[in-house]
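Report on the structure
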Amino acid sequence: AIYLPTEAVLLPTYFERLGDPGALGIVISALALGAMIGAFSYGWLRQRLRLSTIARLVLAGVALSIVPMALLPPLPVLAVAGFFLGLSWGPADPMMSTLVQTRIPPNEQGRVYGVQMSAFYAVPPIAMLIVGGAVEQLGLAGAYLARRPFRTVSGFVAQDLDGPRDAVHDLDEP
């Protein structure tokens, strides 16, 4: 739900309007490179930081890096923001796998992964439909800007409210 609407709706529409499809490849490559480095860095991060700290960094990094992307800046800035978005989100998948493998009994892990994969397959297309409709109604910049507050607020709310704070702190407990 984070990447797919951006990669499949917003950025292609933006670069099509600019008449520069090669720039789309640059931005998506920057996203992918950042995500790969972020995922590979999880082991290094985990040796040095608590899970709750990594979760906070993921949430804050995604929330902050989406801000410049929402403004649709020139290509170099957009590529750098995309790289940092990928870098921020990269540790999330290994962290989720680690949590499942360390917190869920082995005989129940298949069910957890099944629900997780179902959500990962179902949510992005729904988000694409919503974002596509937003592009039609609000225009490209309006749709991107409309997504930004949800991303930013959700990232910071998850770190500041008592319930989510407890949930994030619970990541550190076995």
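Structural notes, computed from the coordinates. (Residues numbered from 1 in each chain as written. Predicted model: local features only at pLDDT ≥ 70, side-chain atom pairs only at ≥ 80, totals over all residues. Heavy atoms only, no water.)

1. As for the overall build of the chain
What counts is decided by this rule: Labels follow the DSSP assignment, with helices taken as runs of H or I lasting at least four residues and strands as runs of E lasting at least two, numbered in each case from the N terminus. Accessible area is worked out with a 1.4 Å probe on protein chains only. A residue is then buried under 20% of its type maximum, exposed over 50%, and partly exposed in between. Any two residues whose heavy atoms approach within 4.5 Å at even a single point are treated as in contact. The Shrake-Rupley method, run with a 1.4 Å probe sphere, supplies the accessible areas, and residue values consider only the shown protein chains as cover.
When helices and strands are counted, the chain shows 8 helices and 0 strands. Going residue by residue from the N terminus, the α and β elements of the chain occur as α-α-α-α-α-α-α-α. Across the 174 residues that make up the chain, the buried fraction comes to 38%. Within the chain, counting contacts between residues at least 6 apart in sequence, those at least 24 apart form 76% of the total. Carbon and sulfur atoms make up 69% of the accessible area of the chain, which totals about 9,400 Å².

2. Observations regarding the nonpolar core
Inclusion rule: Nonpolar cores are built from buried Ala, Val, Leu, Ile, Met, Phe, Trp, Tyr and Cys residues. Side-chain atoms within 4.5 Å join them into one set.
Membership of the largest hydrophobic core comes to 23 residues, with the highest contact counts inside it found for Leu10, Leu11, Phe15, Met69, Leu78, Val135 and Tyr144. If you list the elements that add at least two residues to this core, you get helix H1 (4-18), helix H2 (21-40), helix H4 (51-70), helix H5 (75-89) and helix H7 (106-160). For Phe15, the contacting residues outside a window of four places in its chain are Asp20, Pro21, Ala23, Leu24, Val27, Leu75 and Leu78.

3. Some remarks on the packing of aromatic side chains
Geometrically, a pair of aromatic rings is defined through the distance of the ring centres and the angle of the planes. Stated formally: Centre distance within 6.5 Å is the pairing criterion for rings of Phe, Tyr and Trp, where only the six-membered ring of Trp is used; planes under 30 degrees apart are then read as stacked, over 60 as edge-to-face, and the remainder as tilted.
Counting across every chain of the model gives 2 aromatic pairs. With centroids separated by 5.0 Å and ring planes inclined at 65°, the aromatic side chains of Tyr14 and Phe15 adopt a geometry described as edge-to-face. The exposure class assigned to Phe15 is buried, which follows from its relative accessible area of 2%. When the ring of Phe83 is compared with that of Phe84, the centres are 5.5 Å apart and the planes differ by 80°; the resulting orientation is edge-to-face. What makes Phe84 partly exposed here is its relative accessible area of 42%.

4. Examining the environment of Val27
Mapped onto the secondary structure, Val27 falls in helix H2. The class of Val27 is buried, set by a relative accessible area of 0%. In this structure, the C-alpha to C-alpha distance between Val27 and Leu11, residues 16 residues apart in sequence, is 8.5 Å. Not counting chain neighbours up to four residues away, the residues in contact with Val27 comprise Leu11, Phe15, Met69, Leu75, Leu78 and Ala79.

5. Thoughts on a nonpolar patch on the surface
Put simply, the rule reads: Here the term patch refers to residues with relative accessible area over 30% and no salt bridge, with like charges joined within 9 Å and nonpolar side chains (Val, Leu, Ile, Met, Phe, Trp, Tyr) within 5 Å. Every case where a carboxyl oxygen of Asp or Glu lies within 4 Å of a side-chain nitrogen of Lys or Arg is listed as a salt bridge.
On the surface, Leu33, Met36, Ile37 and Phe40 cluster together into a nonpolar patch covering about 410 Å² of accessible area. Mapped onto the elements, Met36 comes out in helix H2.

6. Some details on the side chain of Thr13
Selection criterion: Nitrogen and oxygen atoms within 3.5 Å of one another constitute a polar contact, given that in protein one can donate a hydrogen and the other can accept it, and given that sequence-neighbouring residues count only through two side-chain atoms.
Mapped onto the secondary structure, Thr13 falls in helix H1. Taking the relative accessible area as the measure of exposure, Thr13 reaches 19% and is therefore buried. A distance of 2.6 Å separates the side chain of Thr13 from the backbone oxygen of Val9, its partner in a polar contact. Residues in contact with Thr13, not counting those within four places in the same chain, are Val135 and Leu140.

7. Quick notes on H1
Where we set the bar: To estimate how far a helix should reach, multiply one less than its number of residues by 1.5 Å. Given a residue, its bend is the angle between the two axes fitted to the seven residues that end at it and to the seven that start from it.
End to end, H1 covers 20 Å across 15 residues, agreeing with the expected 21 Å (1.5 Å per residue, within 8%). A maximum bend of about 35° is found in H1 at Leu11, where proline Pro12 lies one to four positions downstream. Among the residues of H1, those classed as buried are Pro5, Thr6, Val9, Leu10, Leu11, Thr13, Tyr14 and Phe15. One or two residues past the end of H1 sits Gly19, with phi positive at roughly 70°.

Note that all results are geometric; they support no functional claim without further evidence.
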